[in-house]
Each structure stands twice: as C-alpha cells, then as structure tokens.
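Each chain, letter by letter, is given below.
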Amino acid sequence: RSVNIVAFGNERDGFSEDSQQPSLIWSYLRRSALISQIDSSLSASHVGNPVFTEYQACVFGNVRLVVHDCPVWDIFASDWYTSCRLIGGADIIVIKYSVNDKTSFQQLKDSYVPMVKKALNHRSVPVVISAIGARKNGVPCTCPLCTSDRRSCVTTSEGVQIAKELGATYLELHSLNDFYIQKYFGGVLEYFMIQSLNQKSSEKMKKRKKIQKGHRIQPPQLEQPEKMPILKGEASHYNTDLHNLLCGCQCADVAFYPEDLSTVVEAHKVILCSVSTLFMLLFGVKSPADIPDASIVQMAQSLFTVEAGAASHPAPHGAPPCVLPVRVVVKDSVFYSCLPDILHFIYSGTFQCEQLEEDIKKKLKDTEKTEQVLEKVKCILKTPGKLNPVKDCRSHHIKQLYSTSLRLFFNTPVLADVIFKIQGATVPAHRAVLVARCEVMAAMFNGNYLEANSALVPVYGVSKDTFLSFLEYLYTDSCCPASILQAMSLLICAEMYQVMRLQHICELYIITQLQSMPSRELASTSLSIVSLLKKAKFHNSDCLSMWLLHFIATNYLIFSQKPEFQELSVEERNFVEVHRWPSNLYLKQLADYRNYIHSQKCRCKVM
C-alpha cells in the first residue's frame, strides 16, 4: 500500500534572509512521529536547476509514502507532461505560498490555479492550501475583513477565495514550529492519507470480488422459448358480400317497376329497410305515426305505389315460393331510370357520393334533373334526428351503417322469410342476409335442396346459443364470445358453414385468452388444452392446432403434470418433447449448478 503526495509552491518569500529555512514538507517528515525511514533525492530538468525533490518514507508502520516537493511553478510552463503525470498520480495535493510574497501569490492565482484545475480534470483529489508565515506589518492578521496589509501581504480572504475555486482545505501556518507542523498541518494531512488508504482498500476489495466472480461457476443461461406461429386476421368483406347480393339477384323479394311495367329492378326488403326509414314505411315495418318527419311520408306517397299480390306479373328471380314478392311502382320515370345506380350506391355500404352524382349526370345529361334525383335520394336515406347519409357520407358512422342497421333485424320476425328450428326453439332469419354472407347457405337456399322450398329449416350439431352467435356475425360482421369454450363451439359452427373469417376470429380470441392467462391460473384451470387441440385438428383449424402444440411445449412443466398430457398422440408427444421449454439440457445444467452451490455452502460450514 502507498500514498502519493505532490506539493507545489515556495513557502519562503523573496526577501527572506534565512535561505536555509527548512521546507514545509521536510519539516513535517522530520518531526512527525508517524514517519520513518526517510529517503530523499533531487530531480532536475536541466543541470543545476532542481525541478522537484522526491521523498520516500514509511507512514503508519508499513505504508509507503512518496512525496514530490516542487518548489517552483515553472514545471507547468517547462514540462506540462511531467506536471500532469504528477497530479494524475497524486492522492493528496499541497499548494503552499508565503503570505509576504504578494507577487508570487498573484502569479499563482492568475496563471497556475487554472492549470491545476485543468490537470485535475474533475478528479476528486483532496487539495490542501497552506498560507505560511507571519505577516510583517505587525500583528499577524487572521481577520478576513482586515485590509491594513493588503498592499504588501496576502490576506486571509484572498487565500480562502483560491481554496473555494479548487474545493480545497485552507490552512494558515504562522510558523513552522511543532504546533503548526504536527498538530495543525500534520493532522489534516494524516486525515486525508487515511481517507485515501480506505478508498484504495475498498476499490481493491471490489476488484478482487469481481475477479472471484469471474472465476466462479455461473448459473446456466435460460434461453427464450421458441416463437409461436403468428395468426393473421382476415380482412372484412361485409360490404362486398351485400353488393354481390344485388348483382346476383339471389332471394330478391321486391321488384321495382315503371308505370308502364316495361322493365323490372330487383332488390331486398331487409337491406332497403336497414338504411331507410322511408322503405320501412313502404313495406309496413313502420306506420306513418311512427315517423315524425312529414317530408319522408310525403316522399313515399308521391314517389312509390306498393301493389302486393299481383299474380299477372312474374315473381322476381330467386324468390322462394313461400314468400310473396312485393311489387313497387315508381311514379317518377327519371328517378326510375337512375334506380339501378341508386341501389348500387345503397348496397355498396361505403356510400360513394361523388360516384353516384357522376353516374347520374352521365345518364341524365341534365344538371337540374340530376339535382332533383339527388334530393330525393337524400330524403330516402334521411333518418330523423341523425346524420344525413348523403351529405356526410364519408364519416365512419356511415361506413359502418350496415353493421349497426342490420342488427335491428337480427333474431326478429320482422320481414323474416325463414325460420330455423334448433333444440326445440325457433330462430327467425332473412334469406337475403344468409345467402349474401354464407356460401353454404347460398347453395342450400338456391339449389335442389329441401331447404330451398321450405320456410322451416332444422339445424343439428350446434347449440342454440352458438347458432345465434353465428347468425349475429352474419348480420353485424362482429362477434364477442363469452369464454374460450364458447369460442371453440362458434369455431366449429363456422367450419360447418365454411365461414372462414369467423373461424379466424375465434382462433385469435382463443389464443389471446390463453396468452393472457397467468401460469398459476393455467396450472389450476379445469380447461383441457389437449381437448381444444384435438377439436382444432378435427375441424381443420391447422393454425390453432399448431399454436396449441407450441403452447403446451412452452409450458411443459405445467402440462406435463396434468393427466390430460397422457392423451397426446405419439406424434404430438414427440413434437412437444423436441420443442419443450425449458429444455432437458438446461434442467440438467441447473441441477449441476445447484449441487455445486450446495457443496460450496457445506464446505464453508465445515471450515
């Protein structure tokens, strides 16, 4: 162990007659009872010009003390590298000056204190500033407010100011006697030496612990589990389905005719009523008393005439025999000529206003007539107390109009033309919505099947609640299962009717719920993940079945303790063992590490 001290400055004033007066450092080393085995040597940058004196001694019995005493400040100007090296290796810095040499002090203050600060470079090295000598103007001045000797001597306040700049300890030594050297200066210096030794011991202990930690056996590193397959959602084709319903004219139950009955335009009552109060009035869903806006009632009476039950005219294409078509005569020939464009506008679901206006202008080639037709469209689509669909057609509310409006007709007998019988209960529905949204039902109601000509259709293999959730998705393009088991039942129903997007939604719901389940709940739940896996495989849900296999492998320590784990097939078990987390190798390494730690603890107890 060692302590390095660097001292700068000359404690003798320029007019001192005693040139043989010992230096502050030498006086301390010679008089201190803690110092022994003193050795000194001179070092010079040029022959005959000593730069510093190096003292080596022992302090506190066995601590090596190295002191570099630099009496002149020229070392900073002549050898900046040496001065920086001395300060860089110093544990304590001592700056000394004579209180009777104002010129040297001013040079110290203006030139060398900034250099010392630069050489320290923000290092936290203790600095001791020693003002040496008795002021020669009479009684030694120790009062910071005294200015009587400011012209020829260095005042206390000036020394204190330099100490503040360097963050140093300030001492005034009026003489180099035993009191000032041993008890005053020596006491401060020895305090800093002890602090330096304690700091070095602490750093050495930290370094030793770090080295020991580097050589110690480290615990095994647990790798992250394999990434599970990512399921991507399918984009909605809700609006496209309904628009294709109009283009295909399937299950049309209303026909629009001009007054001369020369042509026909087919549509669907449930779709028209879902977006228009006027069509609700026209097809008897609402009465005039239910509609507070008189303009809607007037428009319905002036623009349309409903003639139901006319046998002389053929039924619309695709209408089932059990449903009588509704014939609507359009009194305005100009409006009727634009009716196909208006229906495409309604069925598109996005309400492309500019496109509708452009199509009508192109067909009529008359600005005034175009404005009249557009005004009638606005009145038809106007909902009392709500936004004007045509005026505000770009809003999110309007773009989602079908999913909210068709909900009004979900599980209600209003305009229903088919009834499902399931578990002893009946569920009303609308063929147009079912055919548009489900290809299996489109084939069932339009093909050579019994259901095509029957108003009552039995349903087997699913529960009533599950089938209602399935129908709700067809009507609204959304579903919200109450549990993982309900989502699996809905997935099975979606697979039965080949509604792939609903199947993907159920898969994502199951995955999200299982991922958010804490390990403790997963260990205690009665839900059988293996059973979900087998159902997913049986119903061709390949993505979900693969994800569940990875889920079981990732939570191997939980599932391997459950009885259901034995129900896995040989192929599934092999997959889980290969992809298990944590791996067998990690568990073996962990057991070896624990045995090593246990053996080290036992050895320490014996010693």
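Per an unreviewed UniProt entry, the protein goes by the name RHBT3 protein and belongs to Onychorhynchus coronatus.

1. Some details on the confidence of the model for the protein
When the pLDDT values of the protein are averaged, the result is 83; 85% of them are 70 or greater. Throughout residues 310-319 the model reports pLDDT below 50, and contacts reaching past four residues in sequence, or to other chains, amount to 18 contacts. Predicted confidence for residues 385-401 stays below pLDDT 50, and this span has 26 contacts to residues more than four positions away or in other chains.

2. Comments concerning the packing of helix 20 (residues 484-496) against helix 23 (residues 529-538)
Here helix 20 crosses helix 23 at 15 degrees, and the two axes come no closer than 10 Å. On the basis of the axis angle, helix 20 is roughly parallel to helix 23. The chirality of how helix 20 crosses helix 23 is left-handed. From helix 20, Ile484, Leu485, Met488 and Ile492 reach across to helix 23, where they touch Leu532, Lys535 and Ala536. Counted by class, the contact of helix 20 with helix 23 contains six nonpolar, no polar and one charged residues.

3. Comments concerning the nonpolar core
Counting 115 residues, the largest nonpolar core has Phe256, Phe304, Phe420, Phe467 and Phe470 as its most contacted members. Among the elements that make up this core, the one with the highest residue count is helix 20 (eight residues). Those residues in contact with phenylalanine 304 that sit more than four places away from it in its chain are Phe256, Leu278, Phe279, Leu282, Met299, Val328, Val329, Val330, Lys331, Phe335 and Ile380.

4. Describing the pairing of strand 13 (residues 425-429)
For strand 13, the tally of buried residues reaches four of five residues, placing the bulk of the element in the interior. As paired strands, strand 12 (residues 418-422) and strand 13 are joined by five bridges and run antiparallel to one another. Bridge pairing links lysine 421 to threonine 426 in strand 13. In sequence, strand 12 turns back onto strand 13 through a hairpin of two residues, with glutamine 423 there showing a positive phi of about 50 degrees.

5. Side note on the side chain of threonine 370
In this structure, threonine 370 sits in helix 14 (residues 367-381). Classification of threonine 370 as buried rests on a relative accessible area of 1%. In this structure threonine 370 touches Glu357, Ile360, Lys361 and Leu364, once residues within four positions along its chain are discounted.

6. Examining the packing of helix 13 (residues 353-364) against helix 14
Viewed as axis vectors pointing N to C, helix 13 and helix 14 meet at an angle of 140 degrees, and their least axial separation amounts to 9 Å. The angle between helix 13 and helix 14 falls in the class oblique. Judged by the sense of rotation from one axis to the other, the crossing of helix 13 with helix 14 is right-handed. Of the residues in helix 14, those touching helix 13 at Leu356, Glu357, Ile360, Lys361 and Leu364 are Lys369, Thr370, Glu371, Val373, Leu374 and Val377. Looking at the contact of helix 13 with helix 14, its residues break down into six nonpolar, one polar and four charged.

7. Re the sheet that holds strand 14 (residues 456-458)
Spatially, 13-12-14 is the arrangement adopted by the three strands of the open sheet, whose pairing is mixed. For this open sheet the edge positions go to strand 13 and strand 14, each flanked by a neighbour on one side alone. Averaged over all pairs of adjacent strands, the angle between strand axes in this sheet comes to 30 degrees, irrespective of strand direction. Note: strand 12 against strand 14, three bridges, orientation parallel.

8. Some remarks on the pattern of salt bridges
Between side chains of opposite charge, pairing is possible as soon as their charged atoms come close. The final tally for this structure, using the stated rule, is 19 salt bridges. In this structure, lysine 363 and aspartate 341 form a salt bridge, with 3.1 Å as the shortest nitrogen-oxygen distance. Placement of lysine 363 in helix 13 and of aspartate 341 in helix 12 (residues 339-347) is noted, with a sequence separation of 22 residues between them. Judged by relative accessible area, aspartate 341 falls into the buried class, the value being 17%. A salt bridge links aspartate 477 to arginine 501, with the shortest nitrogen-to-oxygen separation between them at 3.0 Å. Taken together, the residues aspartate 477 in the loop between helix 19 (464-476) and helix 20 and arginine 501 in helix 21 (residues 500-515) connect sequence positions 24 residues apart. Neither residue differs from the other here; aspartate 477 and arginine 501 are each classed as buried.

The rules behind the values
Residues numbered from 1 in each chain as written. Predicted model: local features only at pLDDT ≥ 70, side-chain atom pairs only at ≥ 80, totals over all residues. Heavy atoms only, no water. pLDDT = per-residue confidence, 0-100. Contact = heavy atoms within 4.5 Å. Axes fitted to C-alpha atoms, helices over the stretch in contact; angles between N-to-C directions. Helix = DSSP H or I, 4+ residues; strand = E, 2+ residues; numbered from the N terminus. Parallel < 35°, antiparallel > 145°, perpendicular 65-115°, else oblique. Left-handed = near helix turned anticlockwise from the far one by under 90°. Nonpolar A, V, L, I, M, F, W, Y, C, P; charged D, E, K, R; others polar. Core = buried A, V, L, I, M, F, W, Y, C linked by side-chain atoms within 4.5 Å. Buried < 20%, exposed > 50% of the residue type's maximum accessible area, 1.4 Å probe, protein only. Pairing = 2+ DSSP bridges. Salt bridge = Lys/Arg side-chain N within 4 Å of Asp/Glu carboxyl O.

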